[in-house]
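Chain by chain, the residues run as shown.
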Amino acid sequence: MATTIVSIGSNQAIDTETPATCGGAGPLYDVTWVGSVSASVYVGDIATATHFATASDYTYLITAIVGSTYTLKYITDSAATGDLSPCALCLDSYCDDPPVFTFKRAFTTIILFEVDVADATPLYWGTTDDVIGELHADSNFTDNTVTFDNKQSLASLTLSVNVDSRHDGTAESGALWKPTTQSGHSVGVCRVVMDGFTLEWIDMSLASLDLLNTNKAVVTSAANNLIIRNCLLHDKYGDPGGTGPFGIHEISTALSTDTQIIQNNIVYNFEETNNDSAGGIVANAFAGNLYIYNNTAYKIVGAGGNKHGIGYRFGNTASCNARIKNNIASACNGPNLDIAFWKNNASSTTTTANNLSDDTVNVLYDAEDMGQALNDTSAITGVTLAEIDFVSTTIGTEDLHLLSNTSVCWEAGVDLGSVSGVNIDIDGIDRDSTGAVWDIGADQASSVASNTNPAFIMFMDC
Amino acid sequence: MELVINVGSSGEGVQTAYQDGDILDSFSESRTDACHIEMICSKLNFGMNSSGFREPGTLFEKYLSKTRTYKFIRLNGSQVKRINLITLEEDVLSPTKNENNESINPYEYLSRRVKSPNHEIFMTAQGKAVWYGRGLNIIDNEALRADLWNDIETDTDKLRINHTNWPSSPREICRHLVIKSIGYKGNKFQVISNGTVCSFSDSEIIQIPDPEGTDLPIGEVEIVAKRRSFIPYWDLSASLGIDISDVRNPIKPIDARIENVPDRPKIDDIRIDKKVAGII
């Protein structure tokens, strides 16, 4: 099965270059350029040029970059002239030189990417491909809601972020999805109603929506083979309506044979202000195989007399088999119950290990008992925020990485292998490569060892 | 405003799929404006100084100082001053938690940030690290965007008047129909707010009541129509100066955006609300 990467971003003039040499045979051409191509051009971008002979606008997809050689795949041309090598296009009537190519992103918004995913006649990928849409930090993404509910015959779909546009584990440090208009209450900013979907490396802020009805960052509904990983979901404050704020909310039962994986995410600052509970990662309805691994939930706050703040909730259906391991729940508070972890139904199956809850939660719903007296002796409970020791809980510059060596989470987790990339922490560090015992939470703190760039060295003496 | 209109249907008459004429995406003037500002002022367009920090006083720092809620200044090994750039309130944070449970370890925080080749840490002449946090919504702030363009036009050769179109991709120009529209009220052309423009590409949803006895609201919704609004573009060939057969050719680029405002179709004349029309 082929994997096709396409770029999503607003830059339609990344660079312009003229082909120098072209190798290969259609539709794939290995192209070198007269000048140096900008480092902001990536696999998944497109290259366009006009062929003078037929006045046709040609589009090629960049499928590989090796050194100075760019592999371009012919996609289409506006006059239906047909597949030609980039070097065979003509700048003018003399046809001595190829035209100047412009490098662009394939799509400008997440919505328009989704439209093509739902299209039965896709342009950039094969009908049974694994497709990866990569966001680029050209400008903020303000899509108020995107519903992924039809991928036609694609094998899988991933919404990701280009490696050079990824967050560094803190908000607004890379490509940013930050709507400014409402999604509709409980619709979700990102709504997933399909199987085979991965959401990764997304930094989504709801901070511009305090007065609007958007209340959920990610909503999933009966999605099998779902993976949500390495995301930052944060900053919903206010009274959005009848339901409170949620970071991730699976709202449907799905099948007992379905699988969902939620790992290495940081979900924080979801705060209701008027008579609703708030939830960090809530998969309560899900009836299948659920893996909630190495997440950090912080400051999930409900309001109203009988309302709760809930870090993690799961396992309402007897057939649900939930594995809950290496997660942090801190400052999950509500006027009624301060809930770190809540296994909803005693009949569901749960395997827990090495979770942590702080000293603010109701002991019945801490990392040890999770509302069902599980008595997990591997849990760490009753610790203070100072003992968890995040780098910064300062509003406006939050950094929920762990302070090395001093955090109780440090090397207190359990090795969970590498399936679905569970070993890759919020910064992209391979936990296994550190040689250290796994930490609890989304950050593997022992990765912060050394650096030799000049700016880093300047801090060494302070 | 710009509207991206679907050409063709993903399932004839099946409203849960995209239909011919559906407004797929919609861009207000303010959203387009903000997009260009962000692209021009992107940190990727600005380098680091020889010490590996962002250079103060650049367009990039001007941009951050006007589009962020907070400015942080490291005072010493353990203290950081936070300035609220809106209210001008100041406080000092440290590794010791304050009454709001806020704390920061400046050394660890900054050490991590500068590991990134695209970090946003500035260093003042006095050797103080400075950074900014929590972006503001510039889309809904025309005065701020005008101020930012003033900085851009002062520091670069870019002009606001040359950045009024959404940067549509070739696929979007070919596969869909991109047009400009305008509001019209009281015998005057009107720019429509970002919130209203965005609503033109909304789905039609209905809320499904939670089952009896649900202690934590589920808030399930049903999407009745992938798009609530559509534009019968096939009736606009004369006003837009387009050949509909060309529009329906998915490889032919048709950019139907009219620059002269009075010549643009009025949104109330062309947009059809499916619910009002009884289609859904």
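Look up a bit, the structure's there.
Reading guide: rules and limits
- Residues numbered from 1 in each chain as written.
- Chains lettered and ligands numbered in written order.
- Predicted model: local features only at pLDDT ≥ 70, side-chain atom pairs only at ≥ 80, totals over all residues.
- Heavy atoms only, no water.
- Helix = DSSP H or I, 4+ residues; strand = E, 2+ residues; numbered from the N terminus.
- Rg over C-alpha atoms; globule rule 2.2 N^0.38 Å.
- Buried < 20%, exposed > 50% of the residue type's maximum accessible area, 1.4 Å probe, protein only.
- Contact = heavy atoms within 4.5 Å.
- Areas by Shrake-Rupley, 256 points an atom, 1.4 Å probe, with all protein chains shown as cover.
- Lys, Arg positive; Asp, Glu negative; His and termini not counted.
- Charge placed at Lys NZ, Arg CZ, Asp CG, Glu CD.
- Pairing = 2+ DSSP bridges.
- Salt bridge = Lys/Arg side-chain N within 4 Å of Asp/Glu carboxyl O.
- Polar contact = N/O pair within 3.5 Å; in protein donor to acceptor, adjacent residues only side chain to side chain.
- Disulfide = S-S within 2.5 Å.
- 1 Å grid on protein atoms, 1.4 Å probe; cavity = no way out; pocket = protein on both sides within 12 Å on 5 of 7 lines; lining within 4 Å.
- Points joined across faces, edges and corners; volume = space filled by probe spheres on them.
- Nonpolar A, V, L, I, M, F, W, Y, C, P; charged D, E, K, R; others polar.

A. Spotlight on the overall build of chain B. Tallying secondary structure elements over chain B gives nine helices and 15 strands in all. A compact globule built from 280 residues would reach a C-alpha radius of gyration of about 19 Å, whereas chain B, at 24 Å, exceeds it by more than 25%. For chain B, the spread of C-alpha atoms along the principal axes amounts to about 65 × 60 × 40 Å. Per-residue burial for chain B yields a buried fraction of 50% across its 280 residues. By sequence separation, contacts in chain B at least 24 residues apart represent 63% of the contacts at least 6 residues apart. Of the roughly 12,200 Å² that chain B leaves accessible, carbon and sulfur atoms contribute 49%. The average position of the 35 basic charges and that of the 41 acidic charges among the side chains of chain B differ by 5 Å.

B. Expanded view of the overall build of chain A. For chain A, the count of helices and strands is three helices and 32 strands. Against the globule reference of 23 Å for 462 residues, chain A gives a C-alpha radius of gyration of 24 Å, in line with a compact fold. For chain A, the spread of C-alpha atoms along the principal axes amounts to about 80 × 55 × 40 Å. Per-residue burial for chain A yields a buried fraction of 63% across its 462 residues. Partitioning the intrachain contacts of chain A with sequence separation of at least 6 by distance along the chain shows that 76% fall at a separation of at least 24. Of the accessible surface of chain A, which amounts to about 14,000 Å², a share of 49% is contributed by carbon and sulfur atoms.

C. Structural view of the pairing of strand E4 (residues 28-33) of chain A. Residue and element names in this part refer to chain A. As paired strands, strand E3 (residues 19-23) and E4 are joined by four bridges and run antiparallel to one another. For Cys 22, the partnering residue across the bridge sits in E4 and is Val 31. Inspection of the sheet shows E4 paired to strand E7 (residues 69-77) by four bridges, in the antiparallel sense. Within the sheet, the bridge partner assigned to Leu 28 lies in E7 and is Lys 73.

D. Spatial organisation of helix H3 (residues 106-113) of chain B. Most of H3(B) is tucked away, with seven of its eight residues classed as buried. Here H3(B) has its buried residues at B:Pro106, B:Glu108, B:Tyr109, B:Leu110, B:Ser111, B:Arg112 and B:Arg113.

E. Local environment of the interface of chain B and chain A. Facing the 78 residues of chain B at the interface are 95 residues of chain A. Between B:Arg134 and A:Glu398 there is a salt bridge whose closest N-O contact spans 3.7 Å. Between the two partners, chain B and chain A, sit 32 residue pairs in polar contact (both at pLDDT 80 or more).

F. The arrangement of unusual backbone geometry in detail. Residues and elements named next belong to chain A. Gly 26 connects to Pro 27 through a cis peptide bond whose omega is 0°. The residue Gln 152 is not glycine, and still its phi comes out positive at about 55°. For Gln 152, the position within the fold is in the loop between strand E10 (146-148) and strand E11 (156-161). Given the relative accessible area of 36%, Gln 152 is considered partly exposed.

G. Representation of the state of the cysteines in the model. Residues and elements named next belong to chain A. Inspection of every chain in the model, using the stated rule, returns two disulfides over all chains. Cys 22 shares a disulfide with Cys 87; S-S distance 1.9 Å. Between Cys 22 and Cys 87 the sulfur-sulfur dihedral comes to about 80°; the bridge is accordingly right-handed. Linking Cys 22 in strand E3 with Cys 87 in the loop between E7 and strand E8 (101-104), this pair joins segments that are 65 residues apart in sequence.

H. Layout of the environment of B:Asn141. When you line up the elements, B:Asn141 lands in the loop between strand E7 (129-135) and helix H4 (142-155). Expressed as a C-alpha distance, the spacing of B:Asn141 and B:Gly8, which sit 133 residues apart in the sequence, is 36 Å.

I. Structural detail: the layout of surface pockets. By volume, the largest pocket is sized at about 750 Å³. Lining the largest pocket are 31 residues; nearest its centre among them are A:Arg166, A:His167, A:Asp168, B:Ser116 and B:Pro117. Classifying every residue of the lining of the largest pocket gives nine nonpolar, 12 polar and 10 charged. Roughly 550 Å³ of internal volume is contained in the second largest pocket. Surrounding the second largest pocket, 26 residues form its lining, A:Asn11, A:Ala13, B:Met39, B:Ile40 and B:Asn45 being those nearest its centre. By residue number, the principal contributor to the lining of the second largest pocket is helix H1 (residues 29-40) of chain B, which donates three residues. A per-class count over the lining of the second largest pocket returns 10 nonpolar, 12 polar and four charged.

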